[in-house]
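Notes for the structure review
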Amino acid sequence: MPTPPRQPTTVTAGTATGSALGLWALYDLHLRHYLDYAALLLTPADAPLAVQGAFEDLSGQWLDALATASPAACAWQAVRRRVCALAGPRPLGPVAHLTAPQQDVLLLHLVLDLPAAEVAAVTGTEPGTVHVQLRSLAAERR
């Protein structure tokens, strides 16, 4: 299991503790799914390093992420960016023609078998958005 990310640096100690709790909570909440996603595209040794690196990157921007509509979406994007960067050119080759949200739904729901509501939680999107992506994938298969 990867080492948890370092505590983000902030201006005041009270803010650092409060913001770090959110980062750690998000890390703990979705770690298994982040690792499963990373393991689809990376070697078993690289998958935990990618997730850890993503959260280390995110820790430096966590206060900005907290100011967004969805810190979970920021975390997902950090994980996705790090995994794709480590996977090399065209890491999602067979599904490269799909949009990034479609790729995410395809891998998380159809490959990793996460329920749509859980895909929404992991990616920081609305459940309705996941259902739209699922419908668009089904339409594309026809």
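Residues numbered from 1 in each chain as written. Predicted model: local features only at pLDDT ≥ 70, side-chain atom pairs only at ≥ 80, totals over all residues. Heavy atoms only, no water.

Remarks on the overall build of the chain
Scanning the chain from terminus to terminus reveals seven helices and zero strands. Counting the 142 residues in the chain, one finds 42% classified as buried. Look at the contacts in the chain between residues 6 or more apart in sequence, and 62% of them connect residues 24 or more apart. Of the roughly 7,400 Å² of accessible surface on the chain, 60% is carried by carbon and sulfur atoms. (Helix = DSSP H or I, 4+ residues; strand = E, 2+ residues; numbered from the N terminus. Buried < 20%, exposed > 50% of the residue type's maximum accessible area, 1.4 Å probe, protein only. Contact = heavy atoms within 4.5 Å. Areas by Shrake-Rupley, 256 points an atom, 1.4 Å probe, with all protein chains shown as cover.)

Describing the packing of helix H5 (residues 100-111) against helix H6 (residues 116-123)
In contact at an axis separation of 10 Å, H5 and H6 are set at 130° when each is read in the N-to-C sense. The angle between H5 and H6 falls in the class oblique. The interaxial crossing formed by H5 with H6 has right-handed handedness. Listed contacts from H6 to Asp104, Val105, Leu108 and His109 of H5 are Ala116, Val119, Val122 and Thr123. Looking at side-chain class alone, the contact of H5 with H6 contains five nonpolar, two polar and one charged residues. (Axes fitted to C-alpha atoms, helices over the stretch in contact; angles between N-to-C directions. Parallel < 35°, antiparallel > 145°, perpendicular 65-115°, else oblique. Left-handed = near helix turned anticlockwise from the far one by under 90°. Nonpolar A, V, L, I, M, F, W, Y, C, P; charged D, E, K, R; others polar.)

Here we look at the side chain of Thr123
Structurally, the position occupied by Thr123 is in helix H6. When its relative accessible area of 6% is taken as the criterion, Thr123 is described as buried. Apart from the residues lying within four places of it in its own chain, the contact partners of Thr123 are Ala72, Ala73, Trp76, Asp104 and Leu108.

Description of the packing of aromatic side chains
On inspection of all chains with the given rule, the structure shows four aromatic pairs. Ring geometry for Tyr27 against Phe55: centres 5.0 Å apart, planes inclined by 80°, an arrangement best described as edge-to-face. Here Tyr27, found in helix H1 (residues 13-41), pairs with Phe55, found in helix H2 (residues 46-59); they are 28 residues apart in sequence, far enough to count as distant. Of the residues examined, Tyr27 reaches a relative accessible area of 1% and is grouped as buried. Of the residues examined, Phe55 reaches a relative accessible area of 1% and is grouped as buried. Ring pairing ties together the aromatic residues Tyr27, Tyr34, Tyr37, Phe55 and Trp76, which thus form one cluster. (Phe/Tyr/Trp six-rings, centres within 6.5 Å; stacked < 30°, edge-to-face > 60°.)

Some remarks on the environment of Leu41
Structurally, the position occupied by Leu41 is in helix H1. Considering only alpha carbons, one finds Leu41 and Cys84, 43 residues apart in sequence, at a separation of 7.8 Å. Not counting residues up to four positions away in its chain, the partners in contact with Leu41 are Val83, Ala87, Pro91 and Leu92.

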